[in-house]
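Survey of secondary and tertiary structure
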Amino acid sequence: MTPTDTAPALSDQVRALLTDKPSGELPMTYQQVARALGLEPPRTIQRVAQAIEQLMDEDVAAGRPMIAALVVSRRNDLPAEGFFEHAVALGRFPADPEQYEALYITERERALRFRGQSR
């Protein structure tokens, strides 16, 4: 782990990456984020996931759309299950998994719009 690979520093790097990336290149996969930040194994995806949870905490506390919605799994173009679990724990999503996909799409669109306004 490098000095800039601490959880807060990494979450700041992920936020900057997602904010600066052209809209046409979003969402990004967890692996693309790890590569773009130059993360090296071990635990690259786990470190990205932890940074994303930190971003979710910050955004929900500030009343902003969750920029973390711009990171998805390569398997199904949805965030990993941990995203949904954390969104429920933060009170942003209800506990009903049948609502997750529609709520995610709405959150992703909000995050894309907000990202453009915050530049």
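See above for the structure.
Structural notes, computed from the coordinates. Not measured: the values here are computed from a predicted model.

**Observations concerning the nonpolar core**
Counting residues in each nonpolar core, the largest one holds 30 residues, and the members touching the most others are Leu18 and Phe83. Put simply, the parts of the chain that give this core at least two residues each are α1 (7-20), α2 (30-36), α3 (44-62), β2 (71-72), α4 (81-89) and α5 (100-117). Of the residues forming this core, the biggest block, five residues, is contributed by α3. Setting aside its immediate chain neighbours within four residues, leucine 18 contacts Leu26, Met28, Ile67, Leu70, Val71 and Arg115.

**Examining the packing of aromatic side chains**
The tally for this structure, following the rule as stated, stands at seven aromatic pairs. Taken together, a centroid distance of 4.9 Å and an interplanar angle of 5 degrees make the contact between phenylalanine 84 and tyrosine 100 stacked. Of this pair, phenylalanine 84 sits in helix α4 while tyrosine 100 sits in helix α5, and the two are 16 residues apart along the sequence. Residue class for tyrosine 100 comes out buried when judged on its relative accessible area of 10%. Clustering of aromatic rings is evident, with ring pairs tying together Phe83, Phe84, Phe93, Tyr100 and Tyr104.

**Describing the packing of α3 against α4**
Relative to each other, α3 and α4 sit at 25 degrees, their axes nearing to 11 Å. By the criterion of interaxial angle, the relationship of α3 to α4 is roughly parallel. The way α3 lies across α4 gives a crossing that is right-handed. Judged by residue contacts, Glu53, Met56 and Asp57 of α3 engage Gly82, Phe83, His86 and Ala87 from α4. When its residues are assigned to classes, the contact of α3 with α4 shows three nonpolar, two polar and two charged.

**As for the pattern of salt bridges**
On inspection of all chains with the given rule, the structure shows seven salt bridges. Note that lysine 21 and glutamate 25 form a salt bridge whose closest N and O atoms lie 3.1 Å from each other. Residue glutamate 25 is classed as partly exposed on the basis of its relative accessible area of 42%. Measuring nitrogen to oxygen at the nearest pair gives 3.0 Å for the salt bridge that ties arginine 110 to glutamate 107. Pair noted here: arginine 110 and glutamate 107 are both in helix α5, with a separation of three residues, about one helical turn. Counted as one network, the salt bridges with shared partners bring together Arg15, Glu58, Asp59 and Arg64.

**Some thoughts on unusual backbone geometry**
Apart from glycine, the bulk of residues carry a negative phi angle, and the bulk of peptide bonds sit in the trans form. With an omega of 0 degrees, the peptide bond between leucine 26 and proline 27 qualifies as cis. Inspection of the secondary structure puts proline 27 in the loop between α1 and β1 (28-29). Geometrically, the link from proline 41 to proline 42 is a cis peptide bond, its omega value of 10 degrees lying close to zero. By the element assignment, proline 42 lies in the loop between α2 and α3. Phi at arginine 43 takes a positive value of approximately 65 degrees, unusual for a residue other than glycine. The residue aspartate 77 is not glycine, and still its phi comes out positive at about 60 degrees. When you line up the elements, aspartate 77 lands in the loop between β2 and α4.

About the criteria used
- Residues numbered from 1 in each chain as written.
- Predicted model: local features only at pLDDT ≥ 70, side-chain atom pairs only at ≥ 80, totals over all residues.
- Heavy atoms only, no water.
- Core = buried A, V, L, I, M, F, W, Y, C linked by side-chain atoms within 4.5 Å.
- Buried < 20%, exposed > 50% of the residue type's maximum accessible area, 1.4 Å probe, protein only.
- Helix = DSSP H or I, 4+ residues; strand = E, 2+ residues; numbered from the N terminus.
- Contact = heavy atoms within 4.5 Å.
- Phe/Tyr/Trp six-rings, centres within 6.5 Å; stacked < 30°, edge-to-face > 60°.
- Axes fitted to C-alpha atoms, helices over the stretch in contact; angles between N-to-C directions.
- Parallel < 35°, antiparallel > 145°, perpendicular 65-115°, else oblique.
- Left-handed = near helix turned anticlockwise from the far one by under 90°.
- Nonpolar A, V, L, I, M, F, W, Y, C, P; charged D, E, K, R; others polar.
- Salt bridge = Lys/Arg side-chain N within 4 Å of Asp/Glu carboxyl O.

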